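Survey of secondary and tertiary structure
Letter by letter, the chains look like this.
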Amino acid sequence: MDKAEELKWLEEEMRADSNLPLSEANLVFGEGNPDTSVLFIGEAPGYHEDQQGRPFVGQAGKLLDKLIASVGWKREDVYITNIVKRRPPNNRDPFPEEIAAYAPYLKRQINIIDPKVIATLGRFSMNYFLPEAKISKDRGKAFILKDKIIFPLYHPAAALRSTSVSNELATDFAKIPIVVRDYKKITSSAKKEIGGQNPQKEEESEQTILLN
Ligand code: URA
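Read on for a plain summary of the structure. (Residues numbered from 1 in each chain as written. Predicted model: local features only at pLDDT ≥ 70, side-chain atom pairs only at ≥ 80, totals over all residues. Heavy atoms only, no water.)

Lining the immediate surroundings of the ligand are G42, E43, A44, P45, E49, P55, F56, N82 and H155. For the ligand, an oxygen atom lies 3.0 Å from a polar atom in the backbone of F56. Take N82: an N or O atom from its side chain is 2.7 Å from a nitrogen atom of the ligand. In this structure the site holding the ligand corresponds to the largest pocket. The class makeup of the residues in the shell around the ligand is 4 nonpolar, 3 polar and 2 charged. (Near = heavy atom within 4 Å. Polar contact = N/O pair within 3.5 Å; in protein donor to acceptor, adjacent residues only side chain to side chain. 1 Å grid on protein atoms, 1.4 Å probe; cavity = no way out; pocket = protein on both sides within 12 Å on 5 of 7 lines; lining within 4 Å. Sits in = over half its atoms within 2 Å of the grid points. Nonpolar A, V, L, I, M, F, W, Y, C, P; charged D, E, K, R; others polar.)

Here is the structure:
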């Protein structure tokens, strides 16, 4: 079975899972190239995403499309999803138990796609992987988690509300192709450092690499 088929099965399994919360909303599983090096993960679908069953298709999505184009890629080149896959009522923040309920499916989705870089959009997605991270301090930094690089970004919706956030998001976004290109260098230099100090900690450690 190829990755696209595996994802289709996973989507159908989610659709049939009556234990998942927010069941009155439509499932927005995610879309894109399953062979991508970069997986973008947002928070939860909004109104337009719920209506269309596709992630990031409203105003924030239009900005995301522009940012993807700004680094020379197309939306179809990458994969886009959310930590919570149904819209919370009135776009409220997702509850911790909703994030936890969707987490096993998100994990399997990530395992199938197996990207090098996970670019998180907003603090909920960032804190899913990096519970201690603070978005204003840690955005645009590469964190190594097992064999993946977690790269926190501001949420595009926040960039629509603030010019300074918008500029910072554009600056951080421009680094993504460099993080992908240097994936091996970044992850192997981190391993060396961690292994040198305390080899048994390698698996559980998370490490930050600052990019210029
Ligand atoms: N905001 C998100 O976090 N995800 C979407 O899919 C749309 C808006």
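Here V71 shows up in the loop between α3 (59-70) and β3 (79-82). The spatial distance from the C-alpha of V71 to the C-alpha of P177 is 7.2 Å, given a sequence separation of 106 residues. Filtering out sequence-adjacent residues up to four positions away, V71 remains in contact with F173, A174 and P177. (Helix = DSSP H or I, 4+ residues; strand = E, 2+ residues; numbered from the N terminus. Contact = heavy atoms within 4.5 Å.)

Quick look at the packing of aromatic side chains now. Scanning the entire structure with this criterion turns up 2 aromatic pairs. Ring geometry for F40 against F173: centres 5.5 Å apart, planes inclined by 5°, an arrangement best described as stacked. In this pair, F40 sits in strand β2 (residues 38-42) while F173 sits in helix α8 (residues 163-173), placing the two residues 133 residues apart along the sequence. Each ring, one from Y128 and one from F129, has its centre 4.8 Å from the other, and the planes form 80°; the classification is edge-to-face. (Phe/Tyr/Trp six-rings, centres within 6.5 Å; stacked < 30°, edge-to-face > 60°.)

What follows deals with the nonpolar core. Residues F40, I41, L64, I149, L153, F173 and I176 are the most contacted members of the largest nonpolar core, which totals 59 residues. The dominant element in this core, judged by the number of residues it contributes, is helix α4 (residues 96-113), at 7 residues. The residues touching L64, leaving out its near neighbours within four places in the chain, are F40, F56, I80, L121, P156 and F173. (Core = buried A, V, L, I, M, F, W, Y, C linked by side-chain atoms within 4.5 Å. Buried < 20%, exposed > 50% of the residue type's maximum accessible area, 1.4 Å probe, protein only.)

Time to look at helix α1 (residues 3-16). Helix length check: α1 (14 residues) gives 20 Å between terminal C-alpha atoms against 20 Å at 1.5 Å per residue, within 8%. For α1, the full list of buried residues reads L7, L10, E11 and M14. The buried side chains of α1 occupy one side of the element, clustering within an arc of 100° when seen end-on. Pointing more than 90 degrees away from the buried face of α1 are the exposed residues W9 and A16. (Expected span 1.5 Å × (residues − 1). Arc of directions from axis to C-beta.)

Okay, the packing of α1 against α4 next. Between two packed helices, what matters for the description is the angle formed by their axes and the separation of those axes. The geometry of α1 relative to α4 is characterised by a closest axis approach of 10 Å and an angle of 170° between their N-to-C directions. With respect to each other, α1 and α4 are oriented roughly antiparallel. Residues K3, E6, L7, L10, E13 and M14 of α1 form the contact with α4, whose participating residues are Y102, Y105, R108, Q109, I112 and I113. Residues of the contact of α1 with α4, tallied by class, amount to 7 nonpolar, 1 polar and 4 charged. (Axes fitted to C-alpha atoms, helices over the stretch in contact; angles between N-to-C directions. Parallel < 35°, antiparallel > 145°, perpendicular 65-115°, else oblique.)

The final tally for this structure, using the stated rule, is 17 salt bridges. Notably, a salt bridge pairs R75 with E31, separated by 2.8 Å at the nearest N-O pair. One end of the pair, R75, is in the loop between α3 and β3; the other, E31, is in strand β1 (residues 31-32), and 44 residues separate them in sequence. For D182, the salt bridge is made with R181, and the minimal N-O distance between the two is 2.9 Å. For R181, a relative accessible area of 62% puts it in the exposed group. Overlapping salt bridges, with partners in common, bring together K8, E11, E12 and R15 in one network. (Salt bridge = Lys/Arg side-chain N within 4 Å of Asp/Glu carboxyl O.)

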